[in-house]
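Survey of secondary and tertiary structure
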Amino acid sequence: MQRTLLCRVGRSLEPGLGGAPTQRGELRAAGCAPAGRRGGVEAGRRTLARLRSMQTLLVRLVVLLGLTSRLLETSALTGAPWGRASRVFLSPSQVKDRRLGLKVKDSNFTLGGFPSLILAGTIHYFRVPKEYWRDRLLKLRACGFNTVTTHVPWNLHEPRRGQFQFTGNLDLAVFISMALEVDLWVILCPGPYIGSDLDLGGLPSWLLRDPKMKLRTTYKGFTKAVNHYFDELIPRIVSLQVQEDGPIIAVQLENEYGSYHMDEKYMPYVKQALVTRGVKTLLMTADTGQDLTGGRVKNVLATLHLRSINKATYETLSSFQGPSPVLMTVYTASAPDGWGALRHSLDPHLVMRDAREMLAFWFSLNFYMFHGGTNFGFMGGSAPLHSYLPTVTSYDYGALLTEDGDYTPEYVTFQELLRSVTVPSHNLNPNEVHRPPQPESRPRVVYKPVTATYYMSLWDALPYLDEVFLDNLYIGVLDHASTELTIPRRSDYEGSQMLRILVENQGRLACGPDINKERKGLTGDIYLNKSPLRKFKIYSLEMKPKFIQRDLPNIWKPALFQPRGPAFFLGLLRVGDHPRDTFIKMQDWTKGVVFINGQNLGRYWNIGPQETLYLPGPWLQPGANEIVVFEEWKSALVIQFTDSPQLGY
């Protein structure tokens, strides 16, 4: 007789499985690093979420005080009136000689030799279906922005060492070229580290196979990998720089390195790595107010994140940079949501007040996020807020567009604001301005519910994946809050037992010094009655499209009842000739992942706050569409659809 332990773990190498003989007794996991929470822990999470919301409000108030101080200081120095009527606003089509690039002249940015504001919004191409890139970029332009900012995730472009992906939804060059086609400049953030609430901040997890690895430093193992990656990445974008008549006007070095700052030689190394490979456009850093000096690089423009800013911030900035334009690289309206925590809310009045004050005094800004999109697959990371808090699948982020790209009331308000304070050219007045057309909203549809008619137990599938597990009796969960389980004694059984552990990676930390510790799996000993269990045999269950489409064995059984997980469930969604966007609602299911035609839509979990998964229309096909659900716990068999996102309140 054997027993099975389902261990939901936040620190694993890749989602993996392992088994080893055990005896009866107390089980304690010292190195099985956990991820999920239940029961009283959920209440604790919600309390932390309330505290975080209060903390965010207090931080925002402090920021406003610092911002107002800067505005008053600027007013005193320049004599500028509080409500200056208009600002010069230049897009690529209005600059005759783009090769002059973006320059810093005293307290102004210049484009083509003329002073101009940089009004940017962040869109992550990898969080949006490629078929919708143009739609999102057009909506950015129609709102009144002249620049798109995007980050480049190393972990998605090089998921395995030496294997690069720059096609399909990761075709960065196409996205940048498309931005120019719709008359937008581009600020590119190639990393290596980009943060962005991604797994390991966008760094590939295989770096941590080196036991001595020191991420974001000049440690030889790290720089060797960065050099190899940049050799592949940078040649793809050098011809798209503004000096080559492309749209890239600025490149950001790393991201908030001042808060990490473990190696003084690292940021100069990143600068040199970019420059020697042909990057010649304006370089800049981005840091919070309190970390400004730690992230600075000589002869590189320092820009700000709207956090920890006060009067001293601007004094520090002026002390080492002299007269320079102020670029708020991350003007953020919200924050990512975490599983089991309350949803973040947006205060539109505060957002508008901030923006008006910044624009009134010639601040350039980047709105993070203009469109957040979705953490498809397993790309989402986790936050280190007092505890491990995995990010939900939706990256709605309180953006000006919804997760599926629809307009919000804030979009309209921001559009009116930008139109009131900017003039697209130095020689035009507002009545002569040609406004780009605004794309229509895309229709959504509610498909009929789909019943999962077949299922396959994970344990039934494992022999076909070269694994041997003999029993499937669930005994409990180990996680960040619970590190011990009791294995019940059975009087009717004599003999050895098999311990099996299903390890789940819910996302590595996206930021902070502990990212160097984010190795996943059985990262230490498992103890039985204080004795360590060794020689686990570990297998990987990566859940990649190839696995779902080709590697799953054809041993499906009729789902005549509601089987318990872990198990795969199969159903067919039939669609007409014109597939539309929709949202999947996994009502009465517990926790797992949904695939549609092999595409990983992301995680669902009944602890919320997110209740729906975005299903893009382009990922559907006329006729039959295969839905595969991997459910860890309790299934409901019926998969429902809705035409509106339900992300919690």
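Residues numbered from 1 in each chain as written. Predicted model: local features only at pLDDT ≥ 70, side-chain atom pairs only at ≥ 80, totals over all residues. Heavy atoms only, no water.

Some thoughts on the sheet that holds strand E12 (residues 282-287)
On the basis of which strands lie adjacent, the closed barrel formed by eight strands has the order E8-E9-E10-E11-E12-E13-E14-E15 and parallel pairing. Each neighbouring strand pair of the sheet contributes to a mean axis angle of 30°, computed without reference to strand direction. Strands strand E13 (301-305) and strand E14 (327-332) of the sheet are contacted by helix H8 (residues 311-321), whose axis makes an angle of about 170° with E13. (Pairing = 2+ DSSP bridges. Helix = DSSP H or I, 4+ residues; strand = E, 2+ residues; numbered from the N terminus. Axes fitted to C-alpha atoms, helices over the stretch in contact; angles between N-to-C directions. Contact = heavy atoms within 4.5 Å.)

Brief notes about the pattern of salt bridges
With the rule as written, the count across this model stands at 23 salt bridges. Residue Arg-216 pairs with Glu-254 through a salt bridge whose shortest N-O separation is 2.7 Å. Taken together, the residues Arg-216 in the loop between strand E10 (185-189) and helix H5 (220-233) and Glu-254 in the loop between strand E11 (248-252) and helix H6 (266-275) connect sequence positions 38 residues apart. Here Arg-216 and Glu-254 have matching classes, each one buried. Of the charged contacts, one joins Asp-514 and Lys-517 as a salt bridge, the two residues approaching to 3.4 Å between their closest N and O atoms. Of the residues examined, Asp-514 reaches a relative accessible area of 35% and is grouped as partly exposed. (Salt bridge = Lys/Arg side-chain N within 4 Å of Asp/Glu carboxyl O. Buried < 20%, exposed > 50% of the residue type's maximum accessible area, 1.4 Å probe, protein only.)

Structural notes on the side chain of Thr-374
Its location among the elements puts Thr-374 in the loop between strand E15 (364-371) and strand E16 (382-383). If we ignore the near neighbours within four places in the chain, the residues touching Thr-374 are Arg-127, Met-379, Thr-393, Tyr-395, Glu-403, Leu-601 and Tyr-614.

What about the confidence of the model for the protein chain?
On average, the protein chain scores 83 in pLDDT, and the residues at 70 or more come to 81%. Here residues 1-66 is modelled with pLDDT under 50, and outside its nearest four sequence neighbours on either side it reaches 279 contacts, counting other chains as well. (pLDDT = per-residue confidence, 0-100.)

Focus: helix H2 (residues 133-143)
Of all 11 residues making up H2, nine are buried, and the element is well covered by its neighbours. All buried positions along H2 are accounted for by Trp-133, Asp-135, Arg-136, Leu-137, Lys-139, Leu-140, Arg-141, Ala-142 and Cys-143. In this fold, the buried residues of H2 make contact with strand E8 (119-123), strand E9 (147-151), helix H4 (172-181), E15, helix H10 (409-421) and strand E31 (612-615). Of the residues flanking the end of H2, it is Gly-144, one or two places downstream, whose phi is positive at about 120°.

Quick word on the side chain of Ser-635
For Ser-635, the location among the structural elements is in the loop between strand E32 (623-631) and strand E33 (638-642). Here the side chain of Ser-635 touches Pro-563 through a polar contact of 3.0 Å, landing on its backbone oxygen. Setting aside chain neighbours within four positions, we find Ser-635 in contact with Gln-562, Pro-563, Phe-569, Asp-588 and Trp-589. (Polar contact = N/O pair within 3.5 Å; in protein donor to acceptor, adjacent residues only side chain to side chain.)

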